[in-house]
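Descriptive structure summary
Below are the chains, spelled out letter by letter.
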Amino acid sequence: MYTLQLNDASGALSVSFRLEPRHIERKAIDVVFEVIGAGPEYLIENHIIDASKVDDLKAVQRLIFDEDAEGMFIRQNVQLTANGQPIDPDKPLRDAFPTAPSGQIGVCQIVVHGTGEPADLGGKMRQYARMFFLHQILDGKPLDVTVDHLELQPLIDWAEKDGLIEIDVKRAAYKLTEKGKRLQQQQLDEAQDLIRRYDIYGDVDVDSSGTVRFDTGLGRDLRVPVFEIAGVDPFRSRFLLGLNDGEWKESDWPQLATKESWYDEVFAPIESAPSVEEIGEPQLQLIMEQGKKAIRLDGANQQHHSFHDA
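Residues numbered from 1 in each chain as written. Predicted model: local features only at pLDDT ≥ 70, side-chain atom pairs only at ≥ 80, totals over all residues. Heavy atoms only, no water.

Here we come to helix H2 (residues 28–36). Among the residues of H2, those classed as buried are Ala28, Val31, Val32, Val35 and Ile36. Along the axis of H2, the buried residues cluster in a sector spanning 110°; they form a single face. (Buried < 20%, exposed > 50% of the residue type's maximum accessible area, 1.4 Å probe, protein only. Helix = DSSP H or I, 4+ residues; strand = E, 2+ residues; numbered from the N terminus. Arc of directions from axis to C-beta.)

Quick look at the layout of surface pockets now. Taken as a whole, the largest pocket encloses approximately 310 Å³ of empty space. Taken together, 15 residues line the largest pocket, and the ones lying closest to its centre are Asp66, Phe73, Asp157, Trp158 and Lys161. Breaking the lining of the largest pocket down by element, the ones donating at least two residues are strand E3 (65–68), strand E4 (71–74) and helix H6 (153–161). The class makeup of the residues in the lining of the largest pocket is four nonpolar, two polar and nine charged. (1 Å grid on protein atoms, 1.4 Å probe; cavity = no way out; pocket = protein on both sides within 12 Å on 5 of 7 lines; lining within 4 Å. Points joined across faces, edges and corners; volume = space filled by probe spheres on them. Nonpolar A, V, L, I, M, F, W, Y, C, P; charged D, E, K, R; others polar.)

Right, let's talk about the nonpolar core for a bit. Counting residues in each nonpolar core, the largest one holds 52 residues, and the members touching the most others are Phe132, Phe133, Tyr201 and Phe239. Top contributing element to this core by residue count: helix H5 (residues 123–139), with eight residues. When neighbours within four sequence positions are excluded, Phe132 is seen to be in contact with Phe239, Leu243, Trp248, Trp253, Leu256, Ala257 and Trp262. (Core = buried A, V, L, I, M, F, W, Y, C linked by side-chain atoms within 4.5 Å. Contact = heavy atoms within 4.5 Å.)

This brings us to the environment of Asp221. With respect to the secondary-structure elements, Asp221 resides in the loop between strand E11 (212–214) and helix H8 (223–230). The spacing of Asp221 and Tyr201 is 20 residues in sequence and 6.2 Å in space, taken between C-alpha atoms. Only 2.7 Å separates the side chain of Asp221 from the side chain of Arg223, close enough to count as a polar contact. (Polar contact = N/O pair within 3.5 Å; in protein donor to acceptor, adjacent residues only side chain to side chain.)

With that out of the way, let us pick up the packing of aromatic side chains. Enumeration over the complete set of coordinates arrives at 18 aromatic pairs. Between Tyr2 and Phe97, the aromatic rings sit 6.1 Å apart at their centres with planes inclined by 65°, giving edge-to-face as the arrangement. In this pair, Tyr2 sits in strand E1 (residues 2–8) while Phe97 sits in the loop between strand E6 (85–86) and strand E7 (107–113), placing the two residues 95 residues apart along the sequence. Its relative accessible area of 13% is what places Tyr2 among the buried residues. A ring pair is formed by Tyr128 and Phe239, whose centres lie 5.3 Å apart and whose planes are at 40°; its orientation type is tilted. Here the residue Tyr128 occupies a position in helix H5, and Phe239 occupies one in helix H9 (residues 234–244), the gap between them amounting to 111 residues. A single burial state applies to Tyr128 and to Phe239, both of which are buried. Through a chain of ring-to-ring contacts, three or more aromatic side chains come together here, namely Tyr128, Phe132, Phe133, Phe235, Phe239, Trp248, Trp253, Trp262, Tyr263 and Phe267. The ring of Phe73 has Lys161 sitting right over it, with the charged end atom 4.7 Å from the ring centre. (Phe/Tyr/Trp six-rings, centres within 6.5 Å; stacked < 30°, edge-to-face > 60°. Lys NZ or Arg CZ within 6 Å of the ring centre and 35° of its normal.)

Dropping the structure here:
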């Protein structure tokens, strides 16, 4: 049995992998993808890692890997070293292990170098960070291309790769390409559609007789349980509506774009909203039927409700 010790450059994250001879005889790159990049359940079930290290595993995996339509890949600004030396991806992993005096292969320490995306930026958070990035490039404080933006580099790399941003030479700042503008406009169009269809449920008052009234100033915000009944992602909806309403004009947006605590604040209204179970699905169905009628009769006069004010 051989031990592969995986750490990030700061040493804050650490995972030990228990490997068998069949692992270390394979190419290093295969082990990186098929062992280090494997699902936690598989690694635990096969006694390769301890269950207590799942959080560290997921965090370091997010530092190393990204994914697109073609599958998982190593981020371009990430480098792996074994015992202080660059790993040759095409040589057996055995070559990266030091040989102990007894002739036995011992512990190999692999360190992840490079910024990558922050360890707390998971798949869904990445989606919102990308949406936020495009919006700020168009409407926020200009992003100076003469300065390094390490915290944003994964987002810049993504946007450049997908042809969504380019350099405005006169301003020495990034700007959206036509493709980027179309994608950003699609986000705002999606937000406007959410407003037309669901904003009426931002103020719902049901009296003791079961009569439903909207926009009285006395009701409850039931958009989140209505979203759930309708099969609409409430987190994505909240984020789109925030972009549409211009909630986030902070000058320090590059720091916020990849900061988990900021997203926690943004999504706090979703977490604290009434649940489907609390209101009851039959009641929500009734409210939605009445809401659709009200929209058809007087949709133009409905007041827009912001999650920021909820």
